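A structural walkthrough
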Amino acid sequence: MKIKFCVASQTGDELRYISKAIESGQLAGDGFFTKSCTKWFENFLGAPKCLLTPSCTHALEMTAILLDIQPGDEIIMPSYTFVSTANAFVLRGAKIVFVDIRPDNMNIDETKIEAAVTHKTKAIVPVHYAGVACDMDAIMDIAKRNNLFVVEDAAQGLMSYYKGKPLGTIGHFGTISFHTTKNFTSGGEGGLLIVNDDNYSHRAEIFREKGTDRAAFFRGDVDKYTWRDIGSSMLPSEVQAAYLWAQLCNIDKLHNARMNIWNEYKSAFSHTNIQHSGGLSKIEGSHNGHIFYLIGEKNNRTYLPKFRELGIQATSHYEPLHSSQMGYKHGQTSANMTNTDYLSSHLIRLPIFASMTSQQAQYVISAAKDILT
Ligand SMILES: Cc1ncc(COP(=O)(O)O)c(C=O)c1O
């Protein structure tokens, strides 16, 4: 049996909606499908402003610009994350201050954040790894007391909650990814900027439309549009939005199918001594089954080739940013990074996708038990 790590989510409606977008003759951004997705997100997330972007990377870059991050500003984040979390701020000249992660959920250790705060700190960027919530009460409290902004990198977090609140809706901004590897995709690439602090909504809309008030013009709020501010082109095309709309219309079906596989893994590994992600997190919330991981006793390089020999595309995940070439140049660690170093080199992600069958999951489970015990 050959089992890929990930297969892009499909509902069967994608081509029909993409054809509709083409037939409409309005393929540029902010047409019918972008509007439909945006409205859906604003209702579902209860956020004052949601803006589709070409990727989560773009959404993160927008937050750094909207927060007016300047050279020398310090941004606190975990080292165990994707490069875009850091790059968005390094692009503005900021220094990244890396904080270690918690062993129960691979998320930033909120108890170590305050020691990393200096008079140069501007923002905290918690990453909800695997769609599992960070301790947002503690993080928001630190931010409030130190007058800092919070940008939630919820790239993996759609359909996950912290104490009943959707991930990405608690900080000043949240960002979500619709990359092909995520639970819900806009056809390969795509993202969402969630603006929770309405003071930034107007400027976000203008920046995304090349620095113009074209969005207001299309709404009929102004009779002509012009250059208002700095800006860039941060709109996905209608083809991407049409793909995403097909996924949003069937979101529960996709979510439940993925959760069934995640729960199948969880019940299988709960009866073993293998450390795994099922039920580990001590934070109150519910997750979206984005990743199921195992923590091996040896370095993951020992195990991964054995999965490959059996046709299973199990993978490791992020290489810590603090010990990368760019991390040395643009970052610093606030204290030791023991959990980050150990867990990143021992973590193994098992294949998971909505169209995965129980038979495939059982094959992976039995292989993993043989390999890791
Ligand atoms: C934590 C995190 N942030 C940001 C991104 C970037 O997302 P995108 O590929 O949509 O730019 C990713 C992508 O995997 C991610 O895992």
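Cut-off values and rules
- Residues numbered from 1 in each chain as written.
- Predicted model: local features only at pLDDT ≥ 70, side-chain atom pairs only at ≥ 80, totals over all residues.
- Axes fitted to C-alpha atoms, helices over the stretch in contact; angles between N-to-C directions.
- Helix = DSSP H or I, 4+ residues; strand = E, 2+ residues; numbered from the N terminus.
- Left-handed = near helix turned anticlockwise from the far one by under 90°.
- Contact = placed C-beta atoms within 7 Å.
- Nonpolar A, V, L, I, M, F, W, Y, C, P; charged D, E, K, R; others polar.
- Near = placed C-beta within 6 Å.
- Buried ≥ 20, exposed ≤ 12 C-beta atoms within 10 Å, placed from the backbone.
- Domains from an automatic or database assignment.
- Pairing = 2+ DSSP bridges.
- Right-handed = clockwise from strand over helix to strand, strands pointing away.

A word on the packing of helix α9 (residues 251-270) against helix α13 (residues 358-372)
One way to put it is that α9 packs onto α13 with a least axis distance of 10 Å and a crossing angle of 35 degrees. Two packed elements cross with a definite hand, and for α9 against α13 that hand is right-handed. The segment α9 lies against α13, with I261, E264, Y265 and A268 engaging S358, A361 and I365. A per-class count over the contact of α9 with α13 returns five nonpolar, one polar and one charged.

Details of the site of the ligand
What surrounds the ligand is a group of 14 residues, the closest being S55, C56, T57, A155 and S177. Looking at the shell around the ligand, the elements that each hand over two or more residues are α3 (56-66) and α4 (83-90). Here the residues of the shell around the ligand are counted per class, giving four nonpolar, nine polar and one charged.

Points about the environment of A8
Looking at where A8 falls in the secondary structure, it is placed in the segment before α1 (14-24). The exposure class assigned to A8 is partly exposed, which follows from the 18 C-beta atoms found within 10 Å. Considered as a pair, A8 and W262 are 254 residues apart in the sequence and their alpha carbons are 16 Å apart. In contact with A8, not counting residues within four places along its chain, are T180 and T185.

Things to note about the domain arrangement of the chain
When cut into domains, the chain gives domain 1 (14-248) and domain 2 (251-372). Each of domain 1 and domain 2 has a C-alpha centre, and these two points are 25 Å apart. At the interface, 39 residues of domain 1 touch 33 residues of domain 2. Breaking the side of domain 1 that touches domain 2 down by element, the ones donating at least two residues are α4, β3 (95-99), β6 (161-162) and α8 (238-248). In terms of residue count, β3 provides more of the side of domain 1 that touches domain 2 than any other element does, five residues in total. Residues that form the side of domain 1 that touches domain 2 fall into these classes: 23 nonpolar, nine polar and seven charged.

Side note on the pairing of β3
In regular strands, side chains alternate between the two faces of the sheet. Of all the five residues making up β3, four are buried; the element is thus mostly covered by neighbouring parts of the structure. In the sheet, strand β2 (residues 74-78) pairs with β3 via five bridges, with the strands oriented parallel. In the strand pairing of β3, E74 is matched with K95. For the crossover from β2 across α4 to β3, the handedness is right-handed. Note: β3 against strand β13 (residues 331-333), three bridges, orientation parallel. Bridged to I96 within β13 is G331.

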